[in-house]
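If you want the building blocks of each chain, they are given just below.
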Amino acid sequence: MSHKCNIIKDILPLYAEDMVSTDTREFVSEHLEHCEACRAELAHMRKPADFIPDAAVVPLKRIKKGLFIKRLQTVFFTAILACAIAAVAFGILTSPKFFPYSDGLFQVIDGPDGSIAITFDNKVTGYSCMKEFDNETETEIYRINAWTTTWDLHSSHRGRQNMVIPSDREPKIRIFYAQNDGSEDVLIYGSNENAEENGVTLPRLILMPYFLFALFALVALAIMRFLLRNKSAVTIWLDRVLLFPISYLAAHLCTKGIRFTTYSSQRDFCIILLVAILFYFALLTGKSLYQAKIAASQKKAEQER
Ligand SMILES: [Zn+2]
C-alpha cells in the first residue's frame, strides 16, 4: 500500500456512500482504476451493507408469506372437509325410503273436469311419477311411488302431498303404484283389459358403469403415472387428475356403500358428484399441506445434522 492508498482509504467510506465532491470522486475513481487493493477495500465495504437485507429481511418475508398461505390452506382444507361430511350426511338422511302399497296410503279422486287427484297420507313426504305411453292399447300409463326420508321423520312436517294428473286429451289412463322393493306394481286406477301382468318397477343400475369407469380411469392413470414417473412436468398433472377418480370412488362408497342399484338415480348421482368434487379439493389441499410438512421436517433434520 502506498501513501496515496492511505489517503484513499480514509475517503472510501464517504465515497462508498456517495458523500464526496465531484473532484474527490474523480480522484478516487481514477486511483481505483489501477489499484486492486483499494478496489477490494471498497468491495468489502459495500458487501456487508448490501448483504444484510438479503440475508435477514427477504427470507423473513418469504417465511411470513409461506406461513400465511399454509394457514389459509389449513382453513380451506378444514372447511371443505366439513362441507363434504355435511354433504354425505345430507345424502344419507334424505335418501328416499319407499312405502310398500297399503290401504290408506293414498286416495284417488276423480275431479269434475276429468282430472285425477291423488292425495297421500300424512306420513308420505315425497313422491315421483313416471309417465309412459303404450302404443298398442293407446293408454297413458303412470307409475307413481311415495317415500319419506330419515330427515323428514325428524323434522317438522311438510304438509300433505297431493298430485293431480290432468286430463287434457281423451286417452285411456292407467295408474300403477310402484312399490320399489322388487314386488309387483299395483294397479290403482283404470282397468287392465288385457289382463296383462302389472309389471315390476326395477331399480336403475346406472351408478355401476360410472363406478367402473372411475375404477378403470384410476387404474389407467396409475399405470401412466408409473410409466412416466421420470417426467416431472407430466407427473404433476397426472397426480392432480388421479385424485378425481379416487374422489368419485370414495364419494360413491361414502354415500351408497357397495350398493349400485337405485330407484332415484338422478338424485344419487348428483349427491355423489357433489361429494366427489368436495373430496377432490380436500385431497388436493391436504396433499399440498402434507408435502409442505414433509419438506419442513426434512429441512429441520438437515439443520440438526
Ligand atoms: Zn490504492
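Here the structure is shown first, and the text comes after it.
Report follows, based on the coordinates. Remember, it's a predicted structure, so these values are computed and weren't measured experimentally.

1. Notes on the packing of aromatic side chains
Part 1 of the argument: Across all of its chains, the model carries 11 aromatic pairs by this definition.
Part 2 of the argument: Here the aromatic rings of Phe 106 and Phe 120 are separated by 6.0 Å at their centres, their planes lie at 75°, and the arrangement is edge-to-face. Residue Phe 106 is found in strand 2 (residues 106–110), and its partner Phe 120 is found in strand 3 (residues 116–120); the two are separated by 14 residues along the sequence.
Part 3 of the argument: Judged by its relative accessible area of 10%, Phe 106 is buried.
Part 4 of the argument: Given a relative accessible area of 0%, Phe 120 falls into the buried group.
Part 5 of the argument: With centroids separated by 4.6 Å and ring planes inclined at 40°, the aromatic side chains of Tyr 210 and Phe 269 adopt a geometry described as tilted.

2. Concerning the pattern of salt bridges
Part 1 of the argument: As enumerated under the stated definition, the model contains seven salt bridges in all.
Part 2 of the argument: Two residues, Lys 131 and Glu 140, come together in a salt bridge whose shortest N-O distance is 3.9 Å.
Part 3 of the argument: What makes Lys 131 exposed here is its relative accessible area of 51%.
Part 4 of the argument: The salt bridge partner of Asp 185 is Arg 143, with a shortest N-O separation of 2.7 Å. Of this pair, Asp 185 sits in the loop between strand 7 (172–177) and strand 8 (186–189) while Arg 143 sits in strand 5 (residues 139–148); the two residues are 42 residues apart in sequence, bridging distant segments of the chain.

3. Examining the coordination of the zinc ion
Ideal values differ by geometry: the angle at a metal is 109.5 degrees with four tetrahedral donors, but 90 or 180 degrees with six octahedral donors.
Part 1 of the argument: Every protein donor of the zinc ion is accounted for by Cys 5 (SG), His 31 (NE2), Cys 35 (SG) and Cys 38 (SG), and the metal-donor separations fall at 2.0 to 2.4 Å.
Part 2 of the argument: With four donor atoms in place around the zinc ion and angles of 96 to 122° between them, the coordination shape is tetrahedral.
Part 3 of the argument: Spacing between the donor residues of the zinc ion along the chain follows C-x25-H-x3-C-x2-C. The two residues His 31 and Cys 38 agree in class, both being buried.

4. Some remarks on the sheet that holds strand 3
Part 1 of the argument: If you walk across this open sheet you meet the three strands as 2-3-6, and the pairing is antiparallel. For this open sheet the edge positions go to strand 2 and strand 6 (162–165), each flanked by a neighbour on one side alone. Neighbour-to-neighbour, the strand axes of the sheet open up by a mean angle of 15°, direction not taken into account.
Part 2 of the argument: The pairing of strand 3 with strand 6 spans four bridges and is classified as antiparallel. Counted as the bridge partner of Thr 119 is Asn 162 from strand 6.

Cut-off values and rules
Residues numbered from 1 in each chain as written. Predicted model: local features only at pLDDT ≥ 70, side-chain atom pairs only at ≥ 80, totals over all residues. Heavy atoms only, no water. Phe/Tyr/Trp six-rings, centres within 6.5 Å; stacked < 30°, edge-to-face > 60°. Helix = DSSP H or I, 4+ residues; strand = E, 2+ residues; numbered from the N terminus. Buried < 20%, exposed > 50% of the residue type's maximum accessible area, 1.4 Å probe, protein only. Salt bridge = Lys/Arg side-chain N within 4 Å of Asp/Glu carboxyl O. Donors = N, O, S within 2.8 Å, 3.2 Å for Na, K, Ca; no water. Tetrahedral: all angles 85-135°; square planar, octahedral: opposite > 155°, others 65-115°. Pairing = 2+ DSSP bridges. Axes fitted to C-alpha atoms, helices over the stretch in contact; angles between N-to-C directions.

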